[in-house]
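# Architecture and fold: a report
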Amino acid sequence: MAQVSIRKVVKEYEGGVQAVKGIDLEIADHEFVVLVGPSGCGKSTTLRMVAGLEEISGGEIWIGGDVVNDVPPRDRDIAMVFQNYALYPHMSVFENMAFGLKLRKFPKDEIKRRVDEAAKMLDIAMLLDRKPKALSGGQRQRVAMGRAIVRNPKVFLFDEPLSNLDAKLRVQMRTEIKKVHQLVPTTTVYVTHDQVEAMTLADRVVVMNHGVIEQVGPPQELYHNPKTRFVAGFIGSPAMNFLPVRVVNEGGLAVQLANGVRLAVPPQRVDRYAPFTGKEMTLGLRPEHLTEIKDQEKPNVVRFDATVDVLEPMGMETMVHFFIDGQPVCARIDPNTPAAPREILPLAADMNNMHLIENDSGKVV
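Residues numbered from 1 in each chain as written. Predicted model: local features only at pLDDT ≥ 70, side-chain atom pairs only at ≥ 80, totals over all residues. Heavy atoms only, no water.

## Description of the environment of Gln 220
Position of Gln 220 relative to the elements: it lies in helix H7 (residues 219–224). Taking the C-alpha atoms as reference points, Gln 220 and Met 199, separated by 21 residues in sequence, lie 7.9 Å from one another. Not counting residues up to four positions away in its chain, the partners in contact with Gln 220 are Met 199 and Asn 225. (Helix = DSSP H or I, 4+ residues; strand = E, 2+ residues; numbered from the N terminus. Contact = heavy atoms within 4.5 Å.)

## With respect to the side chain of Arg 142
Examined against the element boundaries, Arg 142 turns out to sit in helix H4 (residues 137–149). Apart from residues no more than four positions distant in its own chain, Arg 142 is found in contact with Leu 122, Ile 124, Gln 172, Met 173 and Glu 176.

## Thoughts on the nonpolar core
The biggest cluster of nonpolar side chains holds 46 residues, and the ones touching the most others in it are Met 97, Met 145 and Tyr 190. With five residues, the single largest contributor to this core is H4. Not counting residues up to four positions away in its chain, the partners in contact with Tyr 190 are Phe 32, Val 33, Val 34, Leu 35, Phe 158, Pro 161, Leu 162, Ile 177, Glu 197 and Leu 201. Met 281, Leu 285, Ala 331 and Leu 345 belong to the second-largest nonpolar core, a separate cluster that totals 31 residues. (Core = buried A, V, L, I, M, F, W, Y, C linked by side-chain atoms within 4.5 Å. Buried < 20%, exposed > 50% of the residue type's maximum accessible area, 1.4 Å probe, protein only.)

## Here's the deal with helix H2 (residues 93–103)
Residues Val 93, Asn 96, Met 97, Ala 98, Gly 100 and Leu 101 constitute the buried set of H2. Contact partners of the buried residues in H2: helix H3 (108–121) and H4.

## Notes on the pattern of salt bridges
The tally for this structure, following the rule as stated, stands at 16 salt bridges. Put simply, Lys 8 and Asp 24 hold a salt bridge, and the shortest N to O gap is 3.0 Å. Placement of the pair is Lys 8 in strand S1 (residues 4–13) and Asp 24 in strand S2 (residues 17–27), with a sequence separation of 16 residues. A relative accessible area of 40% places Asp 24 in the partly exposed class. Residue Glu 176 pairs with Arg 142 through a salt bridge whose shortest N-O separation is 3.6 Å. Taken together, the positions of Glu 176 in helix H5 (residues 167–183) and Arg 142 in helix H4 put the pair 34 residues apart, joining distant regions of the chain. (Salt bridge = Lys/Arg side-chain N within 4 Å of Asp/Glu carboxyl O.)

## Focus on the sheet that holds strand S17 (residues 310–313)
Sheet architecture is open: three strands sit in the order S17-S18-S19, paired in antiparallel fashion. The sheet is open, and its two edges are formed by S17 and strand S19 (327–333), each paired on a single side. On average, each strand axis in the sheet is tilted by 25 degrees relative to the strand beside it, whichever way the strands run. (Pairing = 2+ DSSP bridges. Axes fitted to C-alpha atoms, helices over the stretch in contact; angles between N-to-C directions.)

Below is the structure:
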């Protein structure tokens, strides 16, 4: 059993600066959890406290049913993969992967068996005699993963392991990491600032901001049902569009833009939004819910015209950038839709997927 429990954990540095502000998180056995957020949000500090590389200022960390606050890193039965690989340059790939096992006095035949199995799993069996300088970035990252796998630890910890790789290799390594977790379903805590990595890898995503947890949930839940404006804007690429609106009820509940345009609230959301009538709020709509007008639109779709500012052809789709009352807005349209800068483009807003956000609290209602 290798659950990880983070209970009321605080990390405070000199001067009273709190990097982590009393967070609670339960990670189940075999679960793959990704901590994501902008720089300085506390995600790497949290990971390092789980690893024992940072002392905690308050709270408790449990691994496999035991409190590990005062347990040194080597005795926590965890394996960590770092951003910079941390391979010994004078050792071969085999020696790098076997080093931790040798320190623990494992028999030679057991070491060879574990290294060979991990190397085969990671497709680096042909590289075991090479030194790190003779490897590509992706191969070095595989070796670092292999060194962790052979340990057969209770918990894997990944600290932004793909940030030094180019874009194509990052995609490939994401697939490799997911495949490894399916083969070796060890409890995993993974830190990244890349929300695409978080969405594609995680069983659950933990979104952090300013040392607190904003929301925890499966990737699709965070994407479609964010609880705060921060989560709504951070998860998704391109980011969600935000427009200032007033909730009005004159002939039906609607949100009114600053230019006077009214967008009707779908009937199924009237009861939820009616208490906010008369309030200034923020409307959130993702780019894929602002599209070209289709022949058969579903209910609660509002048509409007936009003056195209910039087009970004992406192959399978085209991103259209325009402004509504000075606010930048992005829409996703079919690449075959005729559009050109400075021309009027008819668009459709799918209000079935609208989000209404309180300006003061930043909460999605």
